[in-house]
Structures are given as C-alpha cells and as structure tokens.
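Here are the chains, one letter per residue:
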Amino acid sequence: MTDLPQLTLYLAAPRGFCAGVDRAIKIVEMALAKWGAPVYVRHEIVHNKFVVDDLKAKGAIFVEELAECPDDRPVIFSAHGVPKSVPEAAQAREMVFVDATCPLVSKVHIEAQRHAENGLQMIMIGHVGHPETVGTMGQLPEGEVLLVETVADVAHVAVRDPERLAFVTQTTLSVDDTAEIVAALQARFPAIVGPHKEDICYATTNRQEAVKAMAAQCDAMLVVGAPNSSNSRRLVEVGRRAGCAYSQLVQRATDIDWRALEGIASVGVTAGASAPEVLVNEVIDAFRARYDVTVEQVETARENVEFKVPRVLRQPA
C-alpha cells in the first residue's frame, strides 16, 4: 500500500510529434550524416528547445538569417517555411540547401501562388511575426497578402477589390477561432474563395480534439511544449475553453507548479506537435514520484501520416 495521494492521469492521443516535425528533424540528422558537421539551420528547425539543443550537440548550427551562413556548408530551412527570397538568395550564392518546410505548409504556399496567378488578392489568417506567416506572405510580392489575426481585424482590412479575394490560414491555429474569422470574412466578402481542404493541419486539429475530449474531466491540464510554439499555445487555450480552467504550458517537468496542483484528483497531459515523447514521459514520472498514478489514455484519432525526406538526402554523398 502507498501513502501517496491517488491521481488519475489522462493522456491525450494523439499528442507530440507530427509527421512534418518528424521529417524536419530527420532531415537535419541525415544532412549531418551525409555532409558531416557543421550543418547550418536557418531558424529553429521546430519550436522546441530540447530538440534544438540535441541537434546542436550533434553538430547543427542555428542562425536566424542566411547571411550568417558560409557559402561552403549546407543550410537547412526550418519546418515553418521561408519567404521565396531565401532559397533564391541561397541559389545565387551557389549554396547546398535542403528545404525542411512541412509539406502541409508548402501546400498553403502553392495555394497562395495559384490564387495570385488567377488575379486574386490574398487574406491570410495567422499570427503576426510567426515564421510560418512570414514564409507564406513572402511567397508573393509586397501587398498581395493581407494578414488578419482576429474577427475585429476583418472589419478593418482594406482590400483592392472585394470581388477578387481568396484566403489561406496558418496551419497551427485554433480550429474554433479560425472558423469564427472565416465566417466574418465570408460575411464581409461573400465572393471570397477558400481552400479546397482547410489549411489547419491534421495534427493541429487532432491534438485539439483530444484536449476537448478530456478537458471536462480534468482538474488541471498540462501541455508539454515551447512558449514560441503556436500549436502548443493553442492547446492551452482549447483546454481552458473546453472546461479545464487550470491549463498550463510547461517546457519540462521542472516547470510544473506543484503548489497550484495541491488537492487535485485528475490531470490531463498532452504535448504540442514539436514536443518529443521523452518530455511527456518526464512529466508522467514527476507525477508518479508524488502521487499513486493511474494512467488512462484518451484516444480520439489514429495517425499514420509519413512524409518522405527530400531526394538529395536519399542519394549517396
């Protein structure tokens, strides 16, 4: 018998790494194996310090801009995507570069390009300054993509021609918030063209659905993820909105505020799409050290998506 207090730990499934993140990390590791260290990476490959530090230890050097990279070493572009000007600059310098942009982000880039070719001005639903937003807006000339973050922004956006518009979205947004913004766009601009299939990716949607399914039965919810990870922060918001008032983001088990959890009988644990499972296990172990834990998995979907790495990495050096 144990003297530890009883705790039910609900574990969201799916959680953690998505196919795009998996592929991006694999690209850096395969580039190091093929060309040796150092390999340069423009921007954090994915938004997670643990992952970035692990790749640094293996020989990856992370920079913010291409200008910081030497001409004679390979450079990798992050999973979030880059403006068109970045690969163009790399080509002009005759650099070896590998694009680790998630294929679902690339799909949004292609969509924006296609609409522009059809003479439509784009409205992007996304977060100001997020690398994915910067990358998508950078596919088209200045002024061709207008950014809205909220329903309120929709009322003020100044378009060239309300009859010639299309919209795209960042892939990591809140499904519910985005639906409200889309409705506002369609109400103001009835002719606006949307994507064939929504831009918010399967992984973001699935992780939010799992949180919704377990939020109401949890006294507290912890989302393992980085503060600069959009999809992780959305999971916290979704948890609160779905009925779990104490929903918090933690990067590691050491970030857990145990005093705030005193007296709880159930906790939900999930992880953003760029958080590795080892960090989830670390959080579970921290609970096991303090409670008599019963783990229950809350599964709302099964994922079997896999993306191939670029051909250049599948060919011998």
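In what follows, the structure referred to is the one given above.
Now for a quick tour of the structure. The numbers attached to residues start from 1 for each chain and follow its sequence in the written order. Two thresholds apply to this predicted model, a pLDDT of at least 70 for residue-level local features and 80 or more for giving and counting side-chain atom pairs, whereas whole-chain, interface and lining totals are computed over all residues. Think of the side-chain values as coming from all heavy atoms in the structure, minus any hydrogens and water.

Another point: the side chain of S247. As for its placement among the helices and strands, S247 is situated in strand β10 (residues 247–250). Each residue's exposure class comes from its accessible area (1.4 Å probe, protein chains only) as a fraction of the maximum for that residue type: buried when under 20%, exposed when over 50%, partly exposed otherwise. The buried category is assigned to S247, whose relative accessible area is 0%. Here, residues are in contact when the closest pair of their heavy atoms is within 4.5 Å. The residues touching S247, leaving out its near neighbours within four places in the chain, are M221, V236, G239 and R240. For helices the rule is a DSSP run of H or I covering at least 4 residues; for strands it is a run of E covering at least 2, with both sets numbered from the N terminus onward.

Before going further, it helps to spend a moment on the environment of D71. Mapped onto the elements of the fold, D71 is located in the loop between β3 (60–63) and β4 (75–77). Sequence separation of D71 and I123 is 52 residues, and the distance between their C-alpha atoms is 36 Å. Apart from residues lying up to four places away in sequence, D71 is in contact with R93 and M95.

This next bit is on the sheet that holds strand β6 (residues 121–125). A pair of strands is considered paired only if DSSP assigns at least 2 bridges between the two. Spatially, three strands are ordered β7-β6-β8 in an open sheet, and the strand pairing comes out parallel. Two strands lie at the open edges of the sheet, namely β7 (145–148) and β8 (165–169), each paired on one side alone. Each neighbouring strand pair of the sheet contributes to a mean axis angle of 30 degrees, computed without reference to strand direction. Looking at chain direction, β6 and β7 are connected through four bridges and run parallel. Bridge pairing in β7 places I123 opposite L146. Each of β6, β7 and β8 is contacted by helix α7 (residues 175–188), which is oriented at about 150 degrees to β6, the strand it contacts most. Orientation is described by axes fitted as lines to C-alpha atoms, over the contacting stretch for helices, and by angles from 0 to 180 degrees between their N-to-C directions.

Turning next to unusual backbone geometry. Backbone torsion omega between A13 and P14 reads 5 degrees, so that peptide bond is classified as cis. As for its placement among the helices and strands, P14 is situated in the loop between β1 (6–13) and α1 (19–35). A cis amide bond links A37 to the next residue, P38, at an omega of -5 degrees. Checked against the element boundaries, P38 lands in the loop between α1 and β2 (39–42). With a phi angle near 75 degrees, H43 is a residue other than glycine that sits in the positive phi range. Turning to its location among the elements, H43 is positioned in the loop between β2 and α2 (49–58). According to the relative accessible area criterion, H43 is buried, its value standing at 15%. We note that E94 has phi near 55 degrees; this positive angle belongs to a residue other than glycine.

Below, the discussion takes up the packing of aromatic side chains. Two rings from Phe, Tyr or Trp (for Trp, the six-membered ring) form a pair when their centres are within 6.5 Å of each other. A pair whose planes differ by under 30 degrees is stacked, one over 60 is edge-to-face, and the rest are tilted. Tallying each qualifying case throughout the model produces three aromatic pairs. Centre to centre, the rings of F287 and Y291 are 6.0 Å apart; their planes meet at 35 degrees, and the pair counts as tilted. Across the pair, exposure class does not vary: F287 and Y291 are buried alike. Each residue in the set W258, F287 and Y291 is aromatic and connected to the rest through ring pairs, giving one cluster. Over the face of the ring belonging to W258 we find R290, whose NZ or CZ atom lies 4.0 Å from the ring centre. When the NZ atom of lysine or the CZ atom of arginine is within 6 Å of a ring's centre and also within 35 degrees of its normal, the charge is said to sit over that ring.

Within the secondary structure, V193 is located in the loop between α7 and α8 (202–215). Judged by relative accessible area, V193 falls into the partly exposed class, the value being 33%. A C-alpha to C-alpha distance of 4.3 Å links V193 and A166, two positions 27 residues apart in sequence. Residues in contact with V193, not counting those within four places in the same chain, are H115, L120, L165, A166 and F167.

This part is about α8. To estimate how far a helix should extend, the number of its residues minus one is multiplied by 1.5 Å. Along its 14 residues, α8 runs 20 Å from first to last C-alpha, staying within 8% of the 20 Å computed at 1.5 Å per residue. Most of α8 sits out of view: 10 of its 14 residues are buried. Among the residues making up α8, those that are buried are A203, T204, T205, N206, R207, Q208, A210, V211, M214 and A215. Considering only its buried residues, α8 is in contact with β1, α7, β9 (220–224), α9 (230–241), β11 (266–271) and β12 (292–299).

Turning our attention to α7. For α7, with 14 residues, the first-to-last C-alpha span of 20 Å sits near the 20 Å given by 1.5 Å per residue. For α7, the set of buried residues is V175, T178, I181, V182, A184 and L185. Buried residues along α7 sit against β6, β7, α6 (151–156), β8 and α8.

Salt bridge, as applied in this entry: a Lys or Arg side-chain nitrogen positioned within 4 Å of an Asp or Glu carboxyl oxygen. Summed over the entire model, instances satisfying the criterion amount to 16 salt bridges. With its nearest N and O atoms 2.7 Å apart, the salt bridge here joins D71 to R93. With a gap of 22 residues between them, D71 in the loop between β3 and β4 and R93 in the loop between α3 (85–92) and β5 (97–99) connect regions that are remote in the sequence. A relative accessible area of 44% places D71 in the partly exposed class.

In the sheet, β9 pairs with β10 via four bridges, with the strands oriented parallel. Residue pairing for β10: V224 is matched across the bridge by V250.

Nonpolar cores were defined as sets of buried Ala, Val, Leu, Ile, Met, Phe, Trp, Tyr and Cys residues, with membership established by side-chain atoms within 4.5 Å. Core analysis: the biggest nonpolar cluster contains 26 residues, and V28, I45, L55 and I76 have the highest contact counts within it. Mapped by element, the contributors of at least two residues to this core are α1, β2, α2 and β3. By residue number, the principal contributor to this core is α1, which donates seven residues. Residues contacting V28, with those up to four places away along its chain left out, are V41, I45, L55, A60 and I76. L11, W258, A275 and V293 belong to the second largest nonpolar core, which has 24 residues in total.

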